[in-house]
Structures are given as C-alpha cells and as structure tokens.
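# Reading the structure
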Amino acid sequence: MITPYDCIIVANGHFPQTALPLRLLRQASVVIACDGAVAALNNAGIIPTAIVGDLDSLSLRFREQYADRLYPVEDQEVNDLTKSIRFARQAGQQEILILGATGLREDHTLGNISLLMEHAPLFRRIEMLSDYGLFTPLLQTTTLKSRPGIQVSLFSLSPSGTLSTSGLRWPIRNRQLTAWWQGTLNEATGNSFTITLSPDARILVYRTLLRKPLKT
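Definitions and cut-offs
Residues numbered from 1 in each chain as written. Predicted model: local features only at pLDDT ≥ 70, side-chain atom pairs only at ≥ 80, totals over all residues. Heavy atoms only, no water. Helix = DSSP H or I, 4+ residues; strand = E, 2+ residues; numbered from the N terminus. Rg over C-alpha atoms; globule rule 2.2 N^0.38 Å. Buried < 20%, exposed > 50% of the residue type's maximum accessible area, 1.4 Å probe, protein only. Contact = heavy atoms within 4.5 Å. Areas by Shrake-Rupley, 256 points an atom, 1.4 Å probe, with all protein chains shown as cover. Lys, Arg positive; Asp, Glu negative; His and termini not counted. Charge placed at Lys NZ, Arg CZ, Asp CG, Glu CD. Patch = residues over 30% accessible without salt bridge, like charges linked within 9 Å, V, L, I, M, F, W, Y side chains within 5 Å. Salt bridge = Lys/Arg side-chain N within 4 Å of Asp/Glu carboxyl O. Expected span 1.5 Å × (residues − 1). Core = buried A, V, L, I, M, F, W, Y, C linked by side-chain atoms within 4.5 Å. Axes fitted to C-alpha atoms, helices over the stretch in contact; angles between N-to-C directions. Parallel < 35°, antiparallel > 145°, perpendicular 65-115°, else oblique. Left-handed = near helix turned anticlockwise from the far one by under 90°. Nonpolar A, V, L, I, M, F, W, Y, C, P; charged D, E, K, R; others polar. Pairing = 2+ DSSP bridges.

## Brief notes about the overall build of the protein chain
Summing up its helical and strand segments, the protein chain has five helices and 13 strands in all. In terms of C-alpha radius of gyration, the protein chain reaches 18 Å, essentially the compact-globule figure of 17 Å for 216 residues. In the protein chain, which comprises 216 residues, the proportion classed as buried is 52%. Nonlocal contacts in the protein chain, meaning residues at least 24 apart in sequence, comprise 63% of its contacts between residues at least 6 apart. As presented, the protein chain carries roughly 10,600 Å² of accessible surface, and 52% of it is formed by carbon and sulfur atoms. Positive and negative charge centroids in the protein chain, built from 21 and 18 side chains respectively, lie 13 Å apart.

## Looking at a nonpolar patch on the surface
A cluster of nonpolar residues, Leu110, Leu157 and Trp180, forms a patch on the protein surface that exposes about 290 Å² of accessible area. Examined against the element boundaries, leucine 157 turns out to sit in the loop between strand S9 (151-155) and strand S10 (163-166).

## What to know about the pattern of salt bridges
One pass over the full model with this rule turns up nine salt bridges. Put simply, glutamate 95 and arginine 124 hold a salt bridge, and the shortest N to O gap is 2.8 Å. Here glutamate 95 is found in strand S5 (residues 95-99), whereas its partner arginine 124 is found in the loop between helix H5 (106-119) and strand S6 (125-129), with 29 residues between them in sequence. A relative accessible area of 58% places arginine 124 in the exposed class. One network of salt bridges, in which partners are shared, links Asp6, Glu95, Arg124, Arg125, Glu127 and Arg207.

## Description of unusual backbone geometry
Here the phi dihedral of leucine 104 falls at roughly 70 degrees; this positive angle occurs in a residue that is not glycine. Note that leucine 104 resides in the loop between S5 and H5.

## Description of H5
Along its 14 residues, H5 runs 21 Å from first to last C-alpha, staying within 8% of the 20 Å computed at 1.5 Å per residue. Within the span of H5, buried status applies to Thr109, Asn112, Ile113, Leu115, Leu116, Met117 and His119.

## A closer look at the nonpolar core
Ile9, Ile32, Leu81, Ile96, Ile98 and Ile126 are the most contacted members of the largest nonpolar core, which totals 27 residues. When residues of this core are traced back to their parent elements, those giving at least two are strand S1 (7-10), strand S2 (31-34), strand S3 (50-53), helix H4 (80-90), S5, H5, S6 and strand S13 (203-208). Once residues lying within four places of it in the same chain are set aside, the contact partners of isoleucine 126 are Ile85, Ile96, Ile98, Leu116, His119, Ala120 and Pro137. Ranked by size, the runner-up nonpolar core spans 25 residues in total, among them Leu20, Val38, Leu41 and Leu99.

## Some thoughts on the packing of H4 against H5
Where H4 contacts H5, the two axes come as close as 10 Å, and the packing angle between them is 30 degrees. In terms of axis orientation, H4 runs roughly parallel to H5. Crossing geometry of H4 relative to H5 is assigned as right-handed. Judged by residue contacts, Leu81, Thr82 and Ile85 of H4 engage Asn112, Leu115 and His119 from H5. Class assignment for the residues of the contact of H4 with H5 results in three nonpolar, three polar and no charged.

## Structural notes on the sheet that holds strand S8 (residues 142-145)
Across the sheet, which stays open at both edges, the three strands sit in the order S8-S12-S10 with antiparallel pairing between neighbours. Each edge of the open sheet is held by one strand with a lone partner, namely S8 and S10. With direction set aside, neighbouring strand axes in the sheet form an average angle of 20 degrees.

## A few points about the side chain of threonine 109
Relative to the elements of secondary structure, threonine 109 occurs in helix H5. Not counting the four nearest positions on each side in its chain, threonine 109 is found in contact with Ala101, Thr102 and Gly103.

Treat this as a map of the structure, not an account of what it does.
What follows is the structure in structure tokens.
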C-alpha cells in the first residue's frame with residue numbers, strides 16, 4: 001500500500017478512474033482542489049477542504065455551495081496547480097500527492113509534471129499519481145520500492161550532474177541525461193532499485209502501476 005499523505009491536491013486534468021487513486025482520494029483528510037476540478041469531485045461525492053485558484057472555472061452554483069472554502073488567487077503568472085501547491089505549503093502540509101494533473105492537454109501535462117521538481121525542496125514528499133503510474137522527484141540518492149517487471153523511466157528536466165542505477169534491467173553508469181528519452185523504458189528486476197545521484201543531479205522517476213499499488 002502507498003504510504004499515506006497529509007494532503008491530496010486535485011488538478012483539472014483527467015480525473016482518476018482506477019481504484020488506487022480513488023481510494024487515496026476518499027481516504028484523504030485534506031483535499032485541495034484547483035477550481036476547475038470541483039465539478040469532478042462533486043460528481044464523485046467528495047467535498048474539498050479548500051478550493052484554490054482564480055475561480056474562473058467555478059460555476060455560480062459551486063461558488064455558493066462552497067463559499068466557506070474558497071481561496072481566490074488572482075496571480076496570472078502561475079497556474080492553479082502552482083497556487084494550490086503554495087497553499088498547501090502555507091498550511092503546513094509536508095506529504096503531498098497530486099491527482100488529476102495529466103491527460104486532456106499535453107502542454108498542461110508537461111507543465112504540471114515539471115512543477116514536481118520545482119517544489120520538491122519545499123516538502124518532505126511530493127508526488128504525482130495517475131491511473132497509470134507515479135512520478136517521484138529525487139534530489140539525492142534514493143532507494144525506491146518496486147516489484148519485478150515494473151516499468152521505470154528517468155527524466156532530467158535540467159541536465160546537470162550524473163546518475164547511476166542498480167536494480168534495473170539496463171543499468172546506467174555515471175551518466176548525464178541530456179534528452180528526455182535517454183532514461184526511459186527501463187524495468188525493475190526486484191523489489192527495489194536505487195538511483196545514485198551526484199550532488200547537482202535532479203531526476204524525476206516514473207514507475208508504472210501493476211495490480212497491487214507501489215510503496216513509496
């Protein structure tokens with residue numbers, strides 16, 4: 001089972017459809033919704049703890065229904081997911097899971113995934129889960145739980161530093177990833193694998209989900 005999170009943020013992408021993200025969402029004690037995700041949460045019978053954004057996607061009905069939990073942020077220099085992440089930080093949350101951040105529009109998907117690395121230093125843990133897999137930003141050498149056959153991809157959004165791996169079918173040895181494709185489509189061979197990073201390396205790890213959820 002995935003280790004519990006303090007807080008779940010729901011973005012306005014593809015709303016979860018599979019059992020794992022929906023279960024985590026229903027179990028969460030704090031749910032922060034980007035304003036465009038409120039309708040999907042309402043359809044799922046989930047009441048958000050807070051609604052954050054410029055509120056341009058929020059209908060009059062929901063403005064009235066959730067008037068006591070609206071936190072408008074007018075800043076147009078950042079998107080609603082960034083506003084929600086900052087809100088979670090200000091509220092003292094340290095274990096963050098983001099749902100609904102992928103799908104629908106590819107440009108939004110890429111932008112949202114990149115936010116993980118930008119905000120990773122601010123939290124004890126911040127990850128992004130879809131119906132297909134889990135993104136985890138790494139700032140230092142880390143061993144991650146896995147199972148044989150889990151598909152693993154590594155991405156460096158700002159190529160610097162070097163990395164090595166153990167526990168993957170195709171090892172990487174002291175390599176700098178200079179293009180997004182270079183660390184993709186690998187595979188775990190056991191119940192864990194290790195990514196060894198030089199001090200200046202920053203890596204996003206993507207692990208696919210099998211029938212049983214991953215431990216982080």
